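Listed below, chain by chain, are the residues.
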Amino acid sequence: MKHDRVYLMELVRARQIGVMSRREFLKRATVALGSVAAAQTLLGACTTATEESLPPVVAATEAPADTVTAPPTASEAVGLSAEPVSYPGGGETLSGYLARLDDSAARPAVIVIQEWWGLNEHIRDVARRFAAEGFIALAPDLYGGVVTTEPNEARKLAMELTTEAAVAEIGAALDYLRGRPFVTGGAGIVGFCMGGGLVLQTAARRDDVAAGVVFYGSPLSPAAAGTVRAPIQTHLGTADSISASAVEAMHAAFAEAGLAHELYLYDGAQHAFFNDTRASYDAEAAAAAWSRTLAWFRRYLGGAG
């Protein structure tokens, strides 16, 4: 697990001042330390913990970034409104999770697409992070309320969700956001794992995506990549099972088509390196990717803040 002392100290501070629940602390500390017992020990030391008392850690490697902004936790997102919403799509009622700042300002929008686990707390937290940065964030519930932590069940759910149905639901979310009075400018899409692939599939099928960001999603073929019109930014770890050469071929097709694009490879990062609830989480790579994602959306969706 690639965490540094600063991350662990921030967990301790968050627990000490009461902005993080005991359950959330244990969840994050277990991922960071790789042991429930170690997390419980650290919890017990929260009242007296100092930097010197924390266990040694391994520093992460990453692609260089000009400015790194660590992804905030939900507790840092002051003045947010976040709630389930319903909207029409394909003759039925669809659902999702909408997060925005508690003010009357109109802001650009971002659709946040889930991993194959479903619309879980991690994806809801990512939506809140975008809201804290000044975007209107909507995470569609592509599984209709089903969430799992079991890989075989996740695989089954993902296989049952056709690309056409998923793209249609993402399109309905785009249409819903554009009809809200508090949304202005363009609407972008960001997705993770399964969701990353769906960002690309949606951008290849629709011309109303203002920008896309792909976290370790299955790449398009070069031929399909040539049909994309939205600027695309991709993040991939070098230790991911997804072929870097296939992703590079997709971006070469973007370049040939004259499409604005960026590809970042993170040395040693695994699949799902952005998911801070899993052992694959790479704090430094995630922070660099977060900064780049925000800059990309601000460039193509309009100002946010």
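Located above this text is the structure these notes cover.
Residues numbered from 1 in each chain as written. Predicted model: local features only at pLDDT ≥ 70, side-chain atom pairs only at ≥ 80, totals over all residues. Heavy atoms only, no water.

Chemist: So what exactly am I meant to see when it comes to the overall build of the chain here?
Modeler: Helix and strand content of the chain: ten helices and eight strands. Out of the 305 residues in the chain, the part that is buried amounts to 51%. Contacts in the chain between residues at least 24 apart in sequence constitute 69% of all its contacts with a sequence separation of at least 6. (Helix = DSSP H or I, 4+ residues; strand = E, 2+ residues; numbered from the N terminus. Buried < 20%, exposed > 50% of the residue type's maximum accessible area, 1.4 Å probe, protein only. Contact = heavy atoms within 4.5 Å.)

Chemist: Explain helix α6 (residues 163-178) here, please?
Modeler: Helical geometry note: an α-helix holds 3.6 residues per turn, so side chains three or four residues apart project in the same direction. Along its 16 residues, α6 runs 22 Å from first to last C-alpha, staying within 8% of the 22 Å computed at 1.5 Å per residue. Buried residues in α6 make contact with β1 (80-89), β2 (92-101), β3 (107-113), β4 (136-140), β5 (183-192) and α7 (194-205). (Expected span 1.5 Å × (residues − 1).)

Chemist: Please explain the sheet that holds strand β6 (residues 211-215) as it appears in this structure.
Modeler: Within a sheet, neighbouring strands are paired by backbone hydrogen bonds and run either parallel or antiparallel to one another. If you trace the eight strands from one edge of the open sheet to the other, you get β1-β2-β4-β3-β5-β6-β7-β8, paired in mixed fashion. One side of each edge strand has no neighbouring strand; the edge strands of this open sheet are β1 and β8 (261-266). Averaged over all pairs of adjacent strands, the angle between strand axes in this sheet comes to 20°, irrespective of strand direction. Pairing analysis gives five bridges linking β5 to β6, with the strands arranged parallel. From the neighbouring strand, Val190 faces β6, where its bridge partner is Val213. The strands touched by helix α10 (residues 283-301) are β3, β5, β6, β7 (232-237) and β8; relative to β6, the strand with the most contacts, the crossing angle is about 165°. (Pairing = 2+ DSSP bridges. Axes fitted to C-alpha atoms, helices over the stretch in contact; angles between N-to-C directions.)

Chemist: Even after reading the chapter, I still don't get unusual backbone geometry, so can you show me in this structure?
Modeler: A negative phi holds for most residues other than glycine; trans holds for most peptide bonds. The residue Tyr216 is not glycine, and still its phi comes out positive at about 40°. Topologically, Tyr216 is positioned in the loop between β6 and α8 (222-225). Taking relative accessible area as the criterion, Tyr216 reaches 1% and is therefore assigned buried.

Chemist: Please explain the pairing of β4 as it appears in this structure.
Modeler: The two faces of the sheet receive side chains in turn, since in a regular strand these alternate between them. Counting buried residues in β4 gives five out of five residues, a clear majority hidden from the surface. Because side chains alternate across β4, one face comprises the buried residues Ile136, Leu138 and Pro140, and the other comprises Ala137 and Ala139, equally buried. The pairing of β2 with β4 spans four bridges and is antiparallel. Directly across from Leu98, in β4, lies its bridge partner Leu138. Here β3 pairs with β4 via three bridges, running parallel. Of the residues in β4, the one forming a bridge with Ala109 is Ile136. Note on the crossover from β3 through helix α4 (residues 121-132) to β4: the handedness is right-handed. (Right-handed = clockwise from strand over helix to strand, strands pointing away.)

Chemist: Help me understand the side chain of Thr293, please; the structure alone is not making it clear to me.
Modeler: Mapped onto the elements, Thr293 comes out in helix α10. By relative accessible area, Thr293 is classed as buried at 1%. Setting aside chain neighbours within four positions, we find Thr293 in contact with Phe130, Val213, Phe215, Gln233 and His235.

Chemist: Whenever I open this one, the packing of α6 against α7 confuses me. Can you help?
Modeler: How two helices sit against one another is set out by the angle between their axes and by the gap between those axes. Running from N to C, α6 and α7 cross one another at 75°; their axes reach a closest spacing of 10 Å. Regarding the angle of α6 to α7, the classification is roughly perpendicular. Seen from α6, the contacting residues are Thr163, Glu164, Ala166, Val167 and Ile170; seen from α7, they are Leu198, Gln201, Thr202 and Arg205. Split by residue class, the contact of α6 with α7 holds four nonpolar, three polar and two charged. (Parallel < 35°, antiparallel > 145°, perpendicular 65-115°, else oblique. Nonpolar A, V, L, I, M, F, W, Y, C, P; charged D, E, K, R; others polar.)

Chemist: Looking at this structure, I do not really get the nonpolar core. What am I missing?
Modeler: Nonpolar side chains in soluble globular proteins generally cluster together in the buried interior. Counting residues in each nonpolar core, the largest one holds 82 residues, and the members touching the most others are Val112, Phe130 and Tyr216. By residue number, the principal contributor to this core is α10, which donates ten residues. Apart from residues lying up to four places away in sequence, Tyr216 is in contact with Glu115, Phe192, Cys193, His235, Leu236, Asp240, Ile242, His271, Ala272, Phe273, Phe274 and Asn275. (Core = buried A, V, L, I, M, F, W, Y, C linked by side-chain atoms within 4.5 Å.)

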